[in-house]
Amino acid sequence: MTIEQLTSAYKAAYQKSATDIFFSPGRVNLIGEHTDYNGGFVFPCALSFGTYLLMAPNDEQKMNFRSLNIDATYSLPLTQLTEVLPNKAWANYPLGVIAQFIKRGVALTHGYDILFWGNVPAGAGLSSSAAMEVVTAFAFNELLGTGYDRTELAKIGQKAEHEFAGVMCGIMDQFASAQGKQDHAIYLNCDTLHFDLVPIKLEGIKVVIANTHSPHHLDSGAYNDRVRQCQLAVQQISAVRPIKNLAELSQADFLQVETVITDPVAHRRARHVVGEVQRTMDAVQALQQGNIELFGQLMTQSHISLRDDYEVTGPQLDALAEAAWKIDGVLGSRMTGGGFGGCTVSLVKDEAIPTFIERVGKEYTEKTGLKADFYIAEIGDGAHRVR
Ligand code: GLA
């Protein structure tokens, strides 16, 4: 949809014009998976697709939420903006963000009529929910003049996800949506939140996203289990070597302490995290040295570890990645995001892209009965005002 089409849709929904339009992107993570809530490194980039928010003030003392993607609409009095809506209502994402402003003592003197439209496929592991959270945080920060910086806006989005969606996520998705930069990936230390923007200039190679169309169910279940298993490992390791986060351990440190983790599942989870943090550091170094082959190999190793030790891939993601590994001109391929469905990310040489799409698509359908979709990723900017 163009901006003109969006403004007409706003008029049709609210019988008036939008005064402000904002955008915040989805993200694809190149490497560093399930490391963020363990204080490790991640390496995501913002995508050119994301969520638009159009809004105008009203004099009703109500916050009205509509979306062009979902039918359900919500109209909430200003006195009811800190309560979670039942039945996994989509409006919990923006509501959760507004609630954080209120909890920080920001006063709302009137309501707004809000309309969302997003072009990140929902449930694809490309952070459509973070895009909605961050666009809301960015918009209210501008309109209420609260002056939070982008890192703070990412933290507000993360809190909304914890409190209003029940997912105890790390900071990666909201951070990428807030801080992304065109043609750059974000090398983020999730413990200190220090980050560097690393240019992604790949000569003759593209970042290709493949969607399983098997929606991930990033609800409180399997994801929060992983968070708890990592906490258990930290707790047991701390008996012999006090740590706050698994990412504090090098692989050599881990070999020295691993026997104190009595639970075999927690042990495997910890082994993934420690290895993935190292792979992420190695991958960024390889990229900076122009060694894209090594970067690709580390991506593939990341998938194997997420499959075998972290157990978050599942048959669909495995089918896509394993089909990709067989193709000449694929430097690496792995699941991206939380897992259990969603998308893979691959580095593919330009000349191999048609074969990649054809063969991976065919093998995937043969194995799963589903049809995959392919996009060439365009790395875009973080949250911004459109108009
Ligand atoms: C989801 C979470 C992130 C991160 C990834 C896995 O996308 O929202 O915080 O943990 O999974 O790397």
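Residues numbered from 1 in each chain as written. Predicted model: local features only at pLDDT ≥ 70, side-chain atom pairs only at ≥ 80, totals over all residues. Heavy atoms only, no water.

### Considering the packing of aromatic side chains
Consideration 1: On inspection of all chains with the given rule, the structure shows 16 aromatic pairs.
Consideration 2: Consider the rings of Trp90 and Phe116, whose centres lie 5.8 Å apart with planes at 85°: the pair is edge-to-face. You can see Trp90 sitting in the loop between strand 5 (74-77) and helix 2 (92-103) and its partner Phe116 sitting in strand 6 (residues 111-118), a full 26 residues away along the chain. Here Trp90 matches Phe116 in class, with each residue buried. (Phe/Tyr/Trp six-rings, centres within 6.5 Å; stacked < 30°, edge-to-face > 60°. Helix = DSSP H or I, 4+ residues; strand = E, 2+ residues; numbered from the N terminus. Buried < 20%, exposed > 50% of the residue type's maximum accessible area, 1.4 Å probe, protein only.)

### A few points about the site of the ligand
Consideration 1: Neighbouring the ligand are 13 residues; Glu33, His34, Asp36, Asp173 and Tyr223 lie closest to it.
Consideration 2: Contact between the ligand and Asp173: an oxygen atom at 2.6 Å from a side-chain N or O atom of the residue.
Consideration 3: One of the backbone nitrogen or oxygen atoms of Gly338 is found 3.4 Å away from an oxygen atom of the ligand.
Consideration 4: Isolated, the ligand exposes 310 Å² of accessible area, and the fraction of that covered by the protein chains is 98%.
Consideration 5: Classifying every residue of the shell around the ligand gives five nonpolar, four polar and four charged. (Near = heavy atom within 4 Å. Polar contact = N/O pair within 3.5 Å; in protein donor to acceptor, adjacent residues only side chain to side chain. Areas by Shrake-Rupley, 256 points an atom, 1.4 Å probe, with all protein chains shown as cover. Nonpolar A, V, L, I, M, F, W, Y, C, P; charged D, E, K, R; others polar.)

### Considerations on the side chain of His303
Consideration 1: Positionally, His303 belongs in helix 9 (residues 292-308).
Consideration 2: The class for His303 is buried, based on a relative accessible area of 0%.
Consideration 3: For His303, the contacting residues outside a window of four places in its chain are Thr313, Leu317, Asp318, Ala321, Trp325, Ser333, Arg334 and Met335. (Contact = heavy atoms within 4.5 Å.)

### A few points about the confidence of the model for the protein chain
Consideration 1: Confidence in the prediction for the protein chain averages 97 pLDDT; 98% of positions are at 70 or higher.
Consideration 2: Averaged over each element, pLDDT in the protein chain is lowest for helix 6 (residues 220-237) (95) and highest for strand 2 (residues 41-42) (99). (pLDDT = per-residue confidence, 0-100.)

### Some words on the pattern of salt bridges
Consideration 1: Applying the stated rule across the entire model yields 22 salt bridges.
Consideration 2: A salt bridge links Glu33 to Arg334, with the shortest nitrogen-to-oxygen separation between them at 2.7 Å. Taken together, the positions of Glu33 in the loop between strand 1 (20-29) and strand 2 and Arg334 in strand 10 (residues 330-336) put the pair 301 residues apart, joining distant regions of the chain. For the residue pair Glu33 and Arg334, the accessibility class agrees, reading buried in each case.
Consideration 3: One salt bridge in this structure joins Glu152 and Arg104, with 2.8 Å as the shortest N-O distance. Of this pair, Glu152 sits in helix 4 (residues 150-165) while Arg104 is found in the loop between helix 2 and strand 6, placing the two residues 48 residues apart along the sequence.
Consideration 4: According to the relative accessible area criterion, Arg104 is partly exposed, its value standing at 36%.
Consideration 5: Where salt bridges share partners, they join Asp20, Glu142 and Arg385 into one cluster. (Salt bridge = Lys/Arg side-chain N within 4 Å of Asp/Glu carboxyl O.)

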